[in-house]
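Residues per chain, in single letters:
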Amino acid sequence: MTDSPSAVAEPAADPTSTEPLEGPSPYDTYVHASVLNALQQPLTEAADEMGFLVTTQVMELWFTLVVHEWQAAGEAFAKDDLDAGTDALVRSARALTALNASWKPIAALTPMQFNAFREAFGRASGFQSAMYRRLEFLLGQKNAGLLNNHRGDPLVHEALAETYRAASLYDEVLRFLHRRGLPVPEHVVERDVTAPYASDPGVVAAWREIYAAPRHELLALGEQLTDIAELVARWRFDHIMVVRRAMGAKPGSAGSSGLAWLERRASLPVFPELWQVRGEL
């Protein structure tokens with residue numbers, strides 16, 4: 001009997017699996033997978049170069065998403081839209097978590113494995129990533145010299161310059177706190193946003209007021225920003241460890257000091273007052 005509970009029903013036919021497609025599939029038209037999958041062009045026969053290329057390209061995509069979310073968050077805080085701003089921060093934290101996991105394919109490269117293809121990419125270096133530089137600018141870590149490195153590519157340079165001239169994510173958060181009546185000083189709100197952000201005792205006082213009241217409506221915002229700061233610090237530390245394992249303290253391929261440069265950048269605190277206030281509670 002076909003209606004017996006033990007009978008196995010025939011799977012319904014899937015018409016989309018048998019219909020021929022004219023031209024690229026809708027999936028490829030939307031995702032551009034064929035474009036992405038054509039971008040890996042190793043320059044050597046080294047077994048580890050493909051993994052290095054894919055890892056680097058995937059990281060660039062995560063940088064792009066993080067920048068997108070932080071810009072969305074900044075725009076929301078500028079409009080006093082706390083819900084939209086915190087939603088974007090939550091999404092960015094997920095992206096940062098995935099970014100950090102991207103190190104895995106190349107995290108244990110030995111010097112010999114890395115040297116097998118290092119010379120092939122010449123003076124190319126992650127130091128030259130314009131999207132990562134935009135990410136740092138959005139954190140408030142502005143540097144005109146790093147902006148000038150991209151003058152040879154007008155489109156890239158202008159996109160980076162726009163981020164350099166704009167208020168950082170943290171600037172927008174502090175302006176938002178100021179408008180909500182927190183004691184963020186006027187000189188912080190009106191500061192030159194092209195200058196690197198530096199800790200201010202008045203901002204520490206503002207966060208202290210929030211953290212001293214466990215039910216403060218903005219406590220979750222402080223913790224979301226702290227999560228982001230921690231994830232950025234972990235990415236930088238993992239970068240240091242990957243470089244330390246693969247090439248030690250040798251100079252970087254673009255002429256930077258390599259490991260020493262990364263260690264200096266990693267020492268820069270992200271949202272510094274959020275860490276300082278913890279010692280005052």
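Just above, that's the structure.
Keep in mind that this is a model prediction, so the values were computed, not measured.

> In this structure, what is going on with the nonpolar core? I would like to understand it.
Buried together is how nonpolar side chains tend to be arranged in soluble globular proteins. By size, the foremost hydrophobic cluster in this structure holds 65 residues, and its most contacted members are Trp70, Leu177, Trp207, Leu221 and Phe271. Take this core: its biggest share by element is 13 residues, from helix H13 (residues 219–247). Setting aside its immediate chain neighbours within four residues, Leu177 contacts Leu182, Val184, Trp207, Ile210, Leu218 and Leu221. Counting five residues, the second largest nonpolar core, distinct from the first, contains Leu147, Leu160, Ala161 and Tyr164.

> I tried to follow the packing of helix H4 (residues 49–78) against helix H5 (residues 82–101) on my own but got confused; where do I start?
Each pair of packed helices can be summarised by the angle the axes make with each other and by the distance between the axes. At a minimum axis distance of 8 Å, the contact between H4 and H5 shows a crossing angle of 165 degrees. Taken together, the axes of H4 and H5 are roughly antiparallel relative to one another. Every pair of crossing elements has a handedness; the one defined by H4 and H5 is left-handed. Along its contact with H4, which presents Met59, Trp62, Phe63, Leu65, Val66, Glu69, Trp70, Ala72, Ala73, Ala76 and Phe77, the element H5 presents Leu82, Ala84, Gly85, Thr86, Ala88, Leu89, Arg91, Ser92, Ala95, Leu96, Ala98 and Leu99. The class makeup of the residues in the contact of H4 with H5 is 18 nonpolar, three polar and two charged.

Cut-offs applied
- Residues numbered from 1 in each chain as written.
- Predicted model: local features only at pLDDT ≥ 70, side-chain atom pairs only at ≥ 80, totals over all residues.
- Heavy atoms only, no water.
- Core = buried A, V, L, I, M, F, W, Y, C linked by side-chain atoms within 4.5 Å.
- Buried < 20%, exposed > 50% of the residue type's maximum accessible area, 1.4 Å probe, protein only.
- Helix = DSSP H or I, 4+ residues; strand = E, 2+ residues; numbered from the N terminus.
- Contact = heavy atoms within 4.5 Å.
- Axes fitted to C-alpha atoms, helices over the stretch in contact; angles between N-to-C directions.
- Parallel < 35°, antiparallel > 145°, perpendicular 65-115°, else oblique.
- Left-handed = near helix turned anticlockwise from the far one by under 90°.
- Nonpolar A, V, L, I, M, F, W, Y, C, P; charged D, E, K, R; others polar.

Fair warning: the whole summary comes from geometry, so function is off the table for now.
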